[in-house]
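Now for the letters of each chain:
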Amino acid sequence: MAATSKPTVGFVQTLNRRPLVKYLFWFGIAVALVLLGWIFNGLKGGFFEFPLENWVNIGVDWLIIKLAVVFDSIKLITQIVLNNLERFLLWLPWWVVLIAIILIAWRLASVRVAIFSGAAMYFIGTLGLWELCMSTLALIATAVLISIVLGIPIGILSARSDRVDNVVRPVLDAMQTMPAFVYLIPALMFFGIGKVPGVIATVIFAVPPAVRLTNLGIRQVPGDLVEAAHTFGSTGFQLLLKVQIPLALPSIMAGVNQTIMLSLSMVVLAAMIAAGGLGREVIMALGQVDIGRGFVAGTAIVLVAMILDRITQSLGKKRKMSTL
Amino acid sequence: MSDNKSPRGKISCRNVWKIFGPDPQSALSLIKDGMTKEKVLEETGHVIAVRDVSFDVNEGEVFVIMGLSGSGKSTIVRCLNRLIEPTKGQILVDDIDLATMDEDALREARRHKISMVFQHFALFPHRTVLDNVAYGLEVQGMHKAERRKKAMDVLDLVGLKGWETNYPHELSGGMQQRVGLARALAVDPEILLMDEAFSALDPLIRRQMQDEFLNLITEVHKTIVFITHDLSEALKMGERIAIMKDGEIVQVGTPEEIVVVPADEYVEEFVRDVPRSKVVPVRNIMKEPAVTLYSWQGPKVALMEMKQNNANYAFILDPGRRLRGVVTADEAKQAIKEGVARLSKMVKGNALQIGPDQPIEEVIPLAATTDNPVAVVDEDERLIGEVPRTELLIGMTGEGNNNGGDK
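Not measured: the values here are computed from a predicted model. (Residues numbered from 1 in each chain as written. Chains lettered and ligands numbered in written order. Predicted model: local features only at pLDDT ≥ 70, side-chain atom pairs only at ≥ 80, totals over all residues. Heavy atoms only, no water.)

**Here's the deal with the overall build of chain B**
From N to C terminus, chain B includes 16 helices and 16 strands. For chain B, the C-alpha atoms occupy an extent of roughly 90 × 60 × 40 Å along the three principal directions. Per-residue burial for chain B yields a buried fraction of 52% across its 407 residues. A sequence separation of at least 24 residues applies to 65% of the contacts in chain B between residues at least 6 apart. (Helix = DSSP H or I, 4+ residues; strand = E, 2+ residues; numbered from the N terminus. Buried < 20%, exposed > 50% of the residue type's maximum accessible area, 1.4 Å probe, protein only. Contact = heavy atoms within 4.5 Å.)

Structure below.
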């Protein structure tokens, strides 16, 4: 009599309620997979041979043809952002950029970071790498921008729904552990040679921490604060904007910081598919076994990394101070 | 399963169940088929937190739900604003069922009708005290200037003026809970849920907050559901108390009923150490005044009446039976010598006046400070009885009043 009032008895509920059905369900899926492998290859040796390699090749080929419009538009947008940013940075006189960086470091971090950033940038200029450095900055900025725009909303979604989290988590694991060369090649096929596949490959590598730390930060907001927000009749959006995001901000900023650092480490790799910038110098030096040139370019990358790290790190810390 | 036709209060919980687990409905039917709670937990992993709870809270009353940890009291209070979804049952607020409300209606109810104070304050650490208090108004969409002004008024009410720009972590525990209280009051709700609101405070601060809260609610008319695990707090705050055990309500009653007639051994065990005098009102031990006289009568009559009744004082009333004062036998003799005609001319001393509902315990220290007789008067100062000093002592020890209330 009581149970009839339940509005929905979905498939998942049925699975949960009847363990036998649950085991049969998964067993059935496993059998189906094995049978599929059998149909494609027949039984060879001890293993069922699984034609994953062929499938991926077929899939990628199919995607390239069918989704050309999608990839072209992604390419176009990324290109516009990237090129304009790079052109703008190179159009500005070097001292304007330098002063801007010092000001940003001073306002967001501290005087010490500002002095360090100014000196480091000037040093890069004296090494004759200013243009390449600007091009690298533009590449990183574009990649980080895309990573944040994608990563933070996905992080928020996976914090609010365990189901989304269960799907997103293994994807992130794959993105972080899959050797970068593996997706550099399809990126090349989808977007052609140049800077755009470099940006895309960088995003794939750099987006996971933004997602993970946003997720973590929102999940770590104490339960009673979420309860309090609900108690006063907050909408889901109000809860997010007024309580969860402000409290998760230190964690989100740590994620952004990690994203920036990871995208810098992709600079050299992306240069292999002609993404340019400081990475190109390293690749060239590698080809010519020019130790000095390689060292100089490497030093410049390290310095850029340190500047970006110090600025973004202290940003997260500063927020933390005011929230605690 | 009380009858559904009884007059409903502001809040009316009807047969509310809450079962935690993957499939509460199936566990519910198992329970209804007679399986025990322990067996359900063992076999299906479902926890029965609230079991068929029904109670009514009257408008403007302080209703205390008391129980030890794990008794389901925090769960039931969260069912009242659906922070926890009840598995089954009705939560009627002004006769509208909250349990079946859609999201929008529920949000409206939470915004305007029901608000809550939390055990560990649950203040937003990134907001100033003022913005914390204004939160409820902010989510309603009220403009900044207006909500800040309202929030300031409420902060003033809880005695936190001057702290509005501070952050919660800069305040002491007691002050933080005042902010919590102010935040709940700012939206001017009809119902206030207090979830162990004072339990996290030091004993001294707790007592102070209890007193202030009792004062405050005489000013703001609210229906209050107060959760506590502390019996003395329950007895102090509650007009009625519900005692919960293992997800069920074992007794609902006034503090006096709970202490004097506990429903079962569990409640009896609980209230064993509570002195009766703490909850038994004076009404139960008062006697008919021995000698009452009207102010127009004379001292001779007074002396005669006193002698007849073997008393050495008399209460003097005006025509409306309002207590005017006390005359002792000695004073009457003196007045006769001086030739005073009417008692109204010679009333000097007065009686200690107390209300019929004051607990005996409160009266004892008052009585100890004076030699005057103790008169029980109603709201209009009409004399309705007196408490002989011997009765006070008996009341203090709690003997012989078990069947009180029929005087």
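**Overview of helix α4 (residues 103-112) of chain B**
Looking at α4 of chain B, one finds that the buried residues are L106, R107, A109, R110 and R111 of chain B. Contacts from the buried residues of α4 of chain B go to α11 (223-231) and α12 (236-265) of chain A together with β6 (114-117) and α6 (135-140) of chain B. A distance of 3.2 Å separates the backbone nitrogen of D104 of chain B from a side-chain oxygen at the start of α4 of chain B, and that oxygen is part of D102 of chain B. (Polar contact = N/O pair within 3.5 Å; in protein donor to acceptor, adjacent residues only side chain to side chain.)

**Details of the packing of aromatic side chains**
Evaluation of the coordinates by the stated rule reveals 15 aromatic pairs over all chains. With 6.2 Å between their ring centres and 25° between their planes, F88 of chain A and W91 of chain A make a pair best called stacked. Here W91 of chain A and F88 of chain A lie together in helix α4 (residues 68-91), a separation of three residues that amounts to about one turn. You can call F88 of chain A partly exposed: its relative accessible area is 45%. Using a relative accessible area of 64% as the deciding quantity, one classes W91 of chain A as exposed. Plain terms: the ring middles of Y313 of chain B and F315 of chain B are 5.7 Å apart, the flat faces sit at 80° to each other, and that makes the pair edge-to-face. Among the aromatic residues, ring-to-ring pairing joins F71, F190 and F191 of chain A into one connected group. Positioned over the ring face of W106 of chain A is R107 of chain A, at 5.4 Å from the centre of the ring. The lysine or arginine in question, R183 of chain B, covers the ring of F124 of chain B, its NZ or CZ lying 5.1 Å from the ring centre. (Phe/Tyr/Trp six-rings, centres within 6.5 Å; stacked < 30°, edge-to-face > 60°. Lys NZ or Arg CZ within 6 Å of the ring centre and 35° of its normal.)

**Focus: the nonpolar core**
Counting 110 residues, the largest nonpolar core has M194 and F213 of chain B as its most contacted members. Broken down by element, the residue count for this core peaks at seven residues, all from helix α8 (residues 173-186) of chain B. Dropping the residues within four chain positions of it, F213 of chain B is found in contact with L181, L192, M194, F198, I224, F226 and M237 of chain B. Ranked by size, the runner-up nonpolar core spans 47 residues in total, among them I101, V207, V282 and A297 of chain A. (Core = buried A, V, L, I, M, F, W, Y, C linked by side-chain atoms within 4.5 Å.)

**Quick word on the confidence of the model for chain B**
Residues and elements named next belong to chain B. Looking at chain B, pLDDT values average 85 and 94% of them are 70 or higher. Confidence scores differ between elements of chain B, with helix α16 (residues 389-397) showing the lowest mean pLDDT of 71 and β6 the highest of 94. Here residues 399-407 scores under 50 on pLDDT; set against residues more than four positions off or in separate chains, the count is 13 contacts. (pLDDT = per-residue confidence, 0-100.)

**Some remarks on α4 of chain A**
All names here are of chain A. Between its terminal C-alpha atoms α4 stretches 33 Å, which fits the 34 Å expected from 24 residues at 1.5 Å a residue. Where α4 is concerned, the buried positions are F71, T78, L82, E86 and L89. Buried positions along α4 lie against α3 (52-66), α5 (94-108), α7 (130-160), α9 (180-191) and α10 (195-219). (Expected span 1.5 Å × (residues − 1).)

**Topic: the interface of chain A and chain B**
Reports of interface size often rely on the accessible area that becomes lost once the parts have come together. On the side of chain B, 32 residues touch chain A, which itself brings 23 residues to the contact. Approximately 2,400 Å² of surface area, both sides summed, lies buried where chain A meets chain B, with 62% of it carried by carbon and sulfur atoms. Across the salt bridge formed by E227 of chain A and R78 of chain B, the nearest N and O atoms sit 2.7 Å from each other. Applying the counting criterion to the chain A and chain B interface returns seven residue pairs in polar contact (both at pLDDT 80 or more). Elements that contribute at least two residues to the side of chain A that touches chain B include exactly α11, α12 and α15 (291-323) of chain A. By residue number, the principal contributor to the side of chain A that touches chain B is α11 of chain A, which donates seven residues. Looking at the side of chain A that touches chain B residue by residue, the classes come out as 10 nonpolar, eight polar and five charged. (Buried area = accessible area lost by both parts, 1.4 Å probe. Salt bridge = Lys/Arg side-chain N within 4 Å of Asp/Glu carboxyl O. Nonpolar A, V, L, I, M, F, W, Y, C, P; charged D, E, K, R; others polar.)

**A few points about the environment of F20 of chain B**
Residues and elements named next belong to chain B. Looking at where F20 falls in the secondary structure, it is placed in strand β1 (residues 11-20). The partly exposed category is assigned to F20, whose relative accessible area is 35%. Separated by 26 residues in sequence, F20 and H46 place their C-alpha atoms 5.6 Å apart.

**Focus on the pattern of salt bridges**
This model, assessed by the stated rule, comprises 35 salt bridges over all chains. The partner of E138 of chain B in a salt bridge is R127 of chain B, and the shortest N-O contact between them spans 2.9 Å. With a gap of 11 residues between them, E138 of chain B in helix α6 and R127 of chain B in the loop between β6 and α5 (129-133) connect regions that are remote in the sequence. The buried category is assigned to E138 of chain B, whose relative accessible area is 12%. We classify R127 of chain B as buried; its relative accessible area is 9%. Within this structure, D162, D165, R169 and R219 of chain A form a network of salt bridges that share partners.

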